[in-house]
Number of protein chains: 2
Amino acid sequence: MAARRKKTATRKKAATRQKTASRKTTARKKTTARKKTAARKKAPARKRPAKGSGEKRVQATDAQTMKQIDTTAKRVHQTIRSSRRPDLALPVRALSNVSYDTRRGYLEIGRQRKVRTLSVNTVKNFAQTLRMMALSKELIGNNDFATKREAYYISKNWEDAKFDEQVESDTVMDDIEALFSVDSIAREQLRFYPEEHGGSVSGPLLVIDRDATGRVARIDCSNFGSGAYSVPTSVEELDFETSADFVLLVETGGMFQRLQSHRFWERANCILVEMGGVPTRAVRRFVRRLADEEGLPVYAFTDCDPYGVANIYRTLKVGSGSAAHINRFFCVPTARFLGVTPQDIVDYELPTHPLKDVDVKRAKDALKNDPFFQRHKEWRQALEQLVKMGVRAEQQALAKWGLNYVIEEYLPNKLKATKSFLP
Amino acid sequence: MAARRKKTATRKKAATRQKTASRKTTARKKTTARKKTAARKKAPARKRPAKGSGEKRVQATDAQTMKQIDTTAKRVHQTIRSSRRPDLALPVRALSNVSYDTRRGYLEIGRQRKVRTLSVNTVKNFAQTLRMMALSKELIGNNDFATKREAYYISKNWEDAKFDEQVESDTVMDDIEALFSVDSIAREQLRFYPEEHGGSVSGPLLVIDRDATGRVARIDCSNFGSGAYSVPTSVEELDFETSADFVLLVETGGMFQRLQSHRFWERANCILVEMGGVPTRAVRRFVRRLADEEGLPVYAFTDCDPYGVANIYRTLKVGSGSAAHINRFFCVPTARFLGVTPQDIVDYELPTHPLKDVDVKRAKDALKNDPFFQRHKEWRQALEQLVKMGVRAEQQALAKWGLNYVIEEYLPNKLKATKSFLP
């Protein structure tokens, strides 16, 4: 346990160094074994940041991002110098340009491009796009960041190129993000951070982070009392140490709190992560890195309703249709669905609520239009079963059998048969 | 700085003990001085939990809560035994039963009671109220808790007394909470916890917490890298150590992140707290305890719009009208408003958005009906100025002058004149 390891370290440093080392070896062996198993099932390995110092990794990515910005800008500049009209070829961000290959594991953006050529009509937008890229370069240079809203306000000093509404600057930022995603650069690497973060974390996990001054913080997620660690907005620079066996993602704050305060993470040797509805980009990326770099299986525990399945779980696992250009970074293709399943409602005689019209519509839309459900027969059957039953159940409905039934019975039973989890 | 103190401690324990002690004395002197000043302005001291071991404090409160539940139940029981019809006198939870006395500092529930007498019509509700009280007693006995939703599901095994909808169990819980609030017992003490928590914290603050097994965690809020500490759902059992000069509450996640990642808390020696909109009960209580027990001034930094003023700040400072029975615990009467003020929009030439109809309605409602605004002339003038200007401004609008203008200029300027803050 990271916590225990730390405690001991303060007492007897020398003695512990050995111990820790041997424990680490065990942990690593375990991880390697798991990685091998996972690798067989997973898509061919994709380019991923090397495990190691978060600082070095970020420096390398920053250099790459700077280079890409420079290359793009130079191309525009040279085209202008040779008296031609410059253009930018931006990936089309729409459902019509999305595909799903189960081997790759996420909703993927296609090859369609919209070409924005400089003209009298596009000059303002073209200038804004270049200034936004310049802002990104400046932020990297200063080791700073800007939220979407801040970027909008900064533009107020761009004279003719200023944005009148934030929706305009958001669109330009999305375009740039899509443009650079082709080179595996995400918005966070361009130093545009989302406003929201959230996602509490608890369990045998040591997060190694640095603040803006470079000071290193070692955060022990098993030692927060009744509270928890909160995932920061950008997680790329984090490093991890863990001896956990898997990650358990929980939909509601209430359920997370129950599992956390009763130290379920200790009993099951897992890392608990609160999603609080559809998980934010930061939470998805955080878990993805744990899955990729630590080789941990990921299980999701949500309410049993079309929202929990088709929005929360689907977005977690394969990303969203409208932001397909970022799914390669921001989803967890290896995630599996622990429950609550429609069959659980029957097996555990759970109290239910009738499905609302909006629930039924969401389920039918998913069955008809969503490539994820089209590819997974088990999920189609489960959704159809739910619609036929005409009810939904919350994860906290297990409290019918006692507040801690979920800890004593439900989760241990489920975790005995992870292979039968929905894909 | 708590962080520095801790670091040193691991290195040279003996040497540091002295140092820490002397630093603490300085901190205490400062605190006492501040407390004296604060006391002059504040309401006559109200009963408050003694500073000291959170565990002991919670044990004392548990004993008191158990006793009150027993007393109430015994009275009902004895009335029945003497062949009379028992009743419960519940405080009326409505704006009509609310008053505001600036010396007490919060919206206070009045003396109106609705008497619920046992009869054929009320028997189910009466039984449910008693069972809910019994559940509370059981939770205290088991050192457990239940969320509102869990309490609803538990009732599914109460046979005829089961709730059909969660709104019914919520109402009964609110009634019980109001009943016990008369004896200074809040819902958290009855062990009914809210679902939501949230509120990130950063700065020179050591939080001392215990988990369900009693293990003590010392959480250093100055050492979270790019992340932050997240306030737990129930904060009564926490203890604090701090050398900060004040608490700065920030409305948006984006602004919090800027201040946190640039270590503004170090520069200004303050504790930063992210509200994320209207602060949750847990955040309000957390800050209230810092204000009461550590004697820290509290400043709020929100958007300049009727929502930021009349909802976020008003609720933080004096509580809400619809939950007046809990305001005595869940507000921060000593809070002051740093900005963004309507005058700041003029002085700092901030980019604005036009006020929407709903904004204007909210401002006019506040001016007409809200006892808080009726008592504070400065606030009436500020709101009237805003309505007259017809615009609103976000706190991030300061980015017009540069991303870190807020850190370099705006906040330092403001903090030079805390006495001119709006009340």
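Before reading further, recall that the structure is shown in the block above.
Residues numbered from 1 in each chain as written. Chains lettered and ligands numbered in written order. Predicted model: local features only at pLDDT ≥ 70, side-chain atom pairs only at ≥ 80, totals over all residues. Heavy atoms only, no water.

### Comments concerning the relation of the copies chain B and chain A
Thought 1: Expressed as a screw transformation, the operator carrying chain B onto chain A has a rotation angle of 180 degrees and an axial translation of 0.0 Å, and the superposed copies differ by an RMSD of 0.0 Å. Taken together, these values place the two copies in the relation of a two-fold axis. (Least-squares fit on C-alpha atoms with pLDDT ≥ 70 in both.)

### Observations concerning helix 4 (residues 123–141) of chain B
Thought 1: Its 19 residues give helix 4 of chain B an end-to-end C-alpha distance of 27 Å, which sits within 8% of 27 Å, the value for a rise of 1.5 Å per residue.
Thought 2: The positive-phi residue at the C-terminal boundary of helix 4 of chain B is Asn143 of chain B, with phi of around 50 degrees. (Helix = DSSP H or I, 4+ residues; strand = E, 2+ residues; numbered from the N terminus. Expected span 1.5 Å × (residues − 1).)

### Regarding the environment of Tyr106 of chain B
Thought 1: Within the fold, Tyr106 of chain B resides in the loop between strand 2 (98–100) and strand 3 (107–109).
Thought 2: Judged by its relative accessible area of 2%, Tyr106 of chain B falls in the buried class. (Buried < 20%, exposed > 50% of the residue type's maximum accessible area, 1.4 Å probe, protein only.)

### Focus on the sheet that holds strand 12 (residues 246–250) of chain A
Thought 1: Taking strand neighbours across the sheet as the criterion, the 12 strands line up as 15(A)-14(A)-12(A)-13(A)-7(A)-10(A)-10(B)-7(B)-13(B)-12(B)-14(B)-15(B) in an open arrangement whose pairing is mixed. Strands with a single pairing partner mark the edges of an open sheet, and in this sheet they are strand 15 (336–339) of chain A together with strand 15 (336–339) of chain B. Direction aside, the axes of adjacent strands within the sheet are offset by 30 degrees on average.
Thought 2: Across two bridges, the pairing between strand 7 (residues 200–202) of chain A and strand 10 (residues 228–230) of chain A is antiparallel. In the strand pairing of strand 10 of chain A, Ser200 of chain A is matched with Ser230 of chain A. (Pairing = 2+ DSSP bridges. Axes fitted to C-alpha atoms, helices over the stretch in contact; angles between N-to-C directions.)

### Regarding the state of the cysteines
Residue and element names in this part refer to chain B.
Thought 1: Within this structure, the stated rule accounts for zero disulfides over all chains.
Thought 2: Cys221 takes part in no disulfide bond, and the closest cysteine sulfur, belonging to Cys270, lies 12 Å away.
Thought 3: Of the residues examined, Cys221 reaches a relative accessible area of 1% and is grouped as buried. (Disulfide = S-S within 2.5 Å.)

### Some thoughts on the sheet that holds strand 8 (residues 205–210) of chain A
Residue and element names in this part refer to chain A.
Thought 1: Within the open sheet, the three strands sit side by side as 9-8-11. Their pairing is antiparallel. One side of each edge strand has no neighbouring strand; the edge strands of this open sheet are strand 9 (216–220) and strand 11 (239–242). Sheet twist, expressed as the average angle between the axes of neighbouring strands with direction ignored, equals 20 degrees.
Thought 2: Pairing of strand 8 with strand 9, which is carried by five bridges, proceeds in the antiparallel orientation. Paired with Ile208 across the strands is Arg218, a residue of strand 9.

### Digging into the pairing of strand 8 of chain A
All names here are of chain A.
Thought 1: Strand 8 sits mainly inside the fold: six of its six residues count as buried.
Thought 2: Burial along strand 8 is two-sided: Leu205, Val207 and Asp209 facing one way and Leu206, Ile208 and Arg210 facing the other are all buried.
Thought 3: Two elements, strand 8 and strand 11, share four bridges in a ladder whose sense is antiparallel. Bridging across to strand 11, Leu205 finds its partner in Thr242.

### Some details on the packing of aromatic side chains
Thought 1: The full count for this structure, using the stated rule, is 40 aromatic pairs over all chains.
Thought 2: Here the aromatic rings of Phe224 of chain A and Tyr229 of chain A are separated by 6.4 Å at their centres, their planes lie at 45 degrees, and the arrangement is tilted. Of the two residues examined, Phe224 of chain A and Tyr229 of chain A, each falls in the buried class.
Thought 3: A ring pair is formed by Tyr299 of chain B and Phe421 of chain B, whose centres lie 5.0 Å apart and whose planes are at 85 degrees; its orientation type is edge-to-face. Taken as a pair, Tyr299 of chain B in strand 14 (residues 298–301) and Phe421 of chain B in the segment after helix 15 (405–415) lie far apart in primary sequence, 122 residues in all.
Thought 4: In this structure Tyr299 of chain B comes out as buried when scored by relative accessible area, which is 9%.
Thought 5: Its relative accessible area of 5% is what places Phe421 of chain B among the buried residues.
Thought 6: Aromatic ring contacts, followed pair by pair, group Tyr100, Tyr313, Phe337, Phe372, Phe373 and Trp379 of chain A into a single cluster.
Thought 7: Residue placement shows Arg258 of chain B over the ring face of Phe145 of chain A; its charged tip is 4.5 Å from the ring centre. (Phe/Tyr/Trp six-rings, centres within 6.5 Å; stacked < 30°, edge-to-face > 60°. Lys NZ or Arg CZ within 6 Å of the ring centre and 35° of its normal.)

### Description of the interface of chain B and chain A
Thought 1: At the interface, 61 residues of chain B touch 61 residues of chain A.
Thought 2: With both sides pooled, the region where chain B packs onto chain A buries about 5,100 Å², and carbon together with sulfur makes up 48% of that total.
Thought 3: Contact with chain A buries area across many residues of chain B, yet Tyr153, Arg215 and Gln257 of chain B alone supply 13% of it, more than any other trio.
Thought 4: The tally of links between chain B and chain A comes to six salt bridges.
Thought 5: Between Glu394 of chain A and Arg149 of chain B there is a salt bridge, with the nearest N and O atoms lying 3.5 Å from each other.
Thought 6: Scanning the region where chain B abuts chain A turns up 23 residue pairs in polar contact (both at pLDDT 80 or more).
Thought 7: Of all the elements in the fold, those that place two or more residues in the side of chain B that touches chain A are helix 1 (2–11), strand 5 (146–147), helix 5 (148–154), strand 8 (205–210), strand 9 (216–220), strand 10 (228–230) and helix 7 (253–261) of chain B.
Thought 8: Of the residues assigned to the side of chain B that touches chain A, the class counts are 21 nonpolar, 23 polar and 17 charged.
Thought 9: Of the strand pairs in this sheet, strand 10 of chain A and strand 10 of chain B are connected by three bridges, and their pairing is antiparallel. Its bridge partner lying in strand 10 of chain B, Ser230 of chain A is registered against Ala228 of chain B. (Contact = heavy atoms within 4.5 Å. Buried area = accessible area lost by both parts, 1.4 Å probe. Salt bridge = Lys/Arg side-chain N within 4 Å of Asp/Glu carboxyl O. Polar contact = N/O pair within 3.5 Å; in protein donor to acceptor, adjacent residues only side chain to side chain. Nonpolar A, V, L, I, M, F, W, Y, C, P; charged D, E, K, R; others polar.)

### A closer look at empty space enclosed by the protein
Thought 1: Counted by the stated rule, this structure contains five cavities of 30 Å³ or more.
Thought 2: Space inside the largest cavity adds up to approximately 80 Å³.
Thought 3: Lining the largest cavity are 14 residues, with Ser222, Phe224, Gly225 and Arg263 of chain A together with Asp211 of chain B sitting closest to its centre.
Thought 4: Its residues assigned to classes, the lining of the largest cavity comprises five nonpolar, six polar and three charged.
Thought 5: Considered as a void within the structure, the second largest cavity measures approximately 50 Å³ in volume.
Thought 6: As for the second largest cavity, its lining consists of Asp211 of chain A together with Ser202, Cys221, Ser222, Asn223, Phe224, Gly225, Gln260, Arg263 and Trp265 of chain B.
Thought 7: By residue class, the composition of the lining of the second largest cavity is three nonpolar, five polar and two charged. (1 Å grid on protein atoms, 1.4 Å probe; cavity = no way out; pocket = protein on both sides within 12 Å on 5 of 7 lines; lining within 4 Å. Points joined across faces, edges and corners; volume = space filled by probe spheres on them.)

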